[in-house]
Amino acid sequence: MTSPLLALERADAFYGQSQALHGVSLAIGANEVVALMGRNGAGKTTAIRTLCGLLRCAGGRRLLDGADASRAGPEALNRAGVALVPDNRQVFPTLTVEENLRMAQVARRRAGGPRGTWSLEAVYALFPRLAERRAARGRALSGGEQQMVAIGRAVLCNPRVLLLDEPTEGLAPLVVQDMIAAIRSIAESGVAVVLVEQNMRVPQALASRFYVMDRGTVCWQGDAAALAADIAEVERLLAI
Ligand code: ATP
């Protein structure tokens with residue numbers, strides 16, 4: 001990889017006095033799907049919150065396009081094309097699917113975020129189920145439909161890198177397959193993706209590089225060939 005699009009270099013992060021990341025280094029290249037795996041509490045969410053500026057990089061550095069962005073906040077990083085889809089999805093319950101999506105378009109225009117090709121129609125083509133449900137209120141949506149709205153909103157901001165926190169958690173197997181196909185389409189459109197998952201199943205279908213975290217550190221990393229060669233060790237690191 002030449003200069004990565006987004007990276008952490010020996011990053012530390014804290015919740016109050018409590019240190020949650022210890023010298024974490026991660027790099028995401030343009031057009032790459034990278035998986036961040038680990039058990040419950042390993043530090044995955046903390047790492048992507050630090051990548052997107054919601055948490056301060058207390059030690060080490062955050063790099064964007066090879067330049068120091070350690071002091072950049074979440075708005076600046078979002079304008080620069082870093083988008084987070086949190087695991088709680090945050091769909092507005094009283095707004096319809098279409099209103100939820102349009103809010104993202106309005107926010108993008110106001111913030112002067114990156115220009116690009118994602119339109120409502122493109123989101124509906126990505127998730128045909130959302131087109132059928134466009135008039136349904138957020139509160140009436142299934143978990144999978146909420147996840148689709150959350151991802152749809154994020155891509156409408158024309159991100160360069162999309163950080164997805166456990167996008168398939170709690171979804172029915174058929175919906176997981178649809179979600180994998182949609183994430184693949186997003187990646188093929190040129191968006192880099194960081195995929196946070198507790199296990200290897202979804203990452204193996206999508207990612208070309210893999211990180212495993214444990215207790216706030218990166219304890220294993222490698223590409224698909226390294227993962228295949230070291231599968232027993234990675235399974236051990238992910239076992240509960
Ligand atoms: P999960 O799969 O449960 O989301 P994770 O790998 O994403 O796990 P994190 O949520 O990043 O893990 O948590 C890492 C550590 O930071 C844990 O010890 C957790 O208890 C702690 N932590 C997370 N959020 C907070 C918070 N808001 N305040 C204090 N400690 C926190």
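Residues numbered from 1 in each chain as written. Predicted model: local features only at pLDDT ≥ 70, side-chain atom pairs only at ≥ 80, totals over all residues. Heavy atoms only, no water.

Peer 1: Tell me what's going on with the overall build of the chain, and back it up with residues and numbers.
Peer 2: Check the secondary structure of the chain and you find ten helices and ten strands. Its C-alpha atoms give the chain a radius of gyration of 17 Å, near enough to 18 Å, the size a compact globule of 240 residues would have. In the chain, which comprises 240 residues, the proportion classed as buried is 50%. Pairs at least 24 residues apart make up 68% of the contacts formed inside the chain by residues separated by at least 6 positions. As displayed, the chain offers around 11,100 Å² of accessible surface, 50% of which is attributable to carbon and sulfur atoms. (Helix = DSSP H or I, 4+ residues; strand = E, 2+ residues; numbered from the N terminus. Rg over C-alpha atoms; globule rule 2.2 N^0.38 Å. Buried < 20%, exposed > 50% of the residue type's maximum accessible area, 1.4 Å probe, protein only. Contact = heavy atoms within 4.5 Å. Areas by Shrake-Rupley, 256 points an atom, 1.4 Å probe, with all protein chains shown as cover.)

Peer 1: Describe the sheet that holds strand S9 (residues 209-214), with residues and values.
Peer 2: Ordered in space as S6-S7-S8-S3-S9-S10, the six strands form an open sheet in which the pairing is mixed. Across the chains shown, the open sheet's two edge strands, defined by having one partner strand only, are strand S6 (82-85) and strand S10 (217-223). Taking the axes of each pair of neighbouring strands and ignoring which way they run, one obtains an average angle of 15° across the sheet. Where S9 and S10 come together, six bridges link them in antiparallel fashion. Bridge pairing in S10 links arginine 209 to aspartate 223. Where helix H1 (residues 44-51) meets the sheet, its contacts fall on strand S3 (33-38), S6, strand S7 (161-165), strand S8 (192-197) and S9, and the angle it forms with S3 comes to roughly 140°. Packing against the sheet, helix H7 (residues 173-188) makes contact with S3, S7 and S8, and its axis sits at approximately 150° to S8. (Pairing = 2+ DSSP bridges. Axes fitted to C-alpha atoms, helices over the stretch in contact; angles between N-to-C directions.)

Peer 1: Can you break down the site of the ligand residue by residue, with the values?
Peer 2: Tyr15, Ala20, Arg39, Asn40, Gly41, Ala42, Gly43, Lys44, Thr45, Thr46, Glu166 and Gln198 make up every residue found near the ligand. For the ligand, an oxygen atom lies 2.4 Å from a polar atom in the side chain of asparagine 40. One of the backbone nitrogen or oxygen atoms of alanine 42 is found 3.0 Å away from an oxygen atom of the ligand. Contact with the protein chains removes 58% of the 630 Å² of surface that the ligand exposes when unbound. Among the elements that line the shell around the ligand, the one with the most residues is H1, at three residues. (Near = heavy atom within 4 Å. Polar contact = N/O pair within 3.5 Å; in protein donor to acceptor, adjacent residues only side chain to side chain.)

Peer 1: Outline unusual backbone geometry, supporting the account with residue identities and numerical values.
Peer 2: Even without glycine at this site, glutamate 166 takes up a positive phi of about 45°. By the element assignment, glutamate 166 lies in the loop between S7 and H7.

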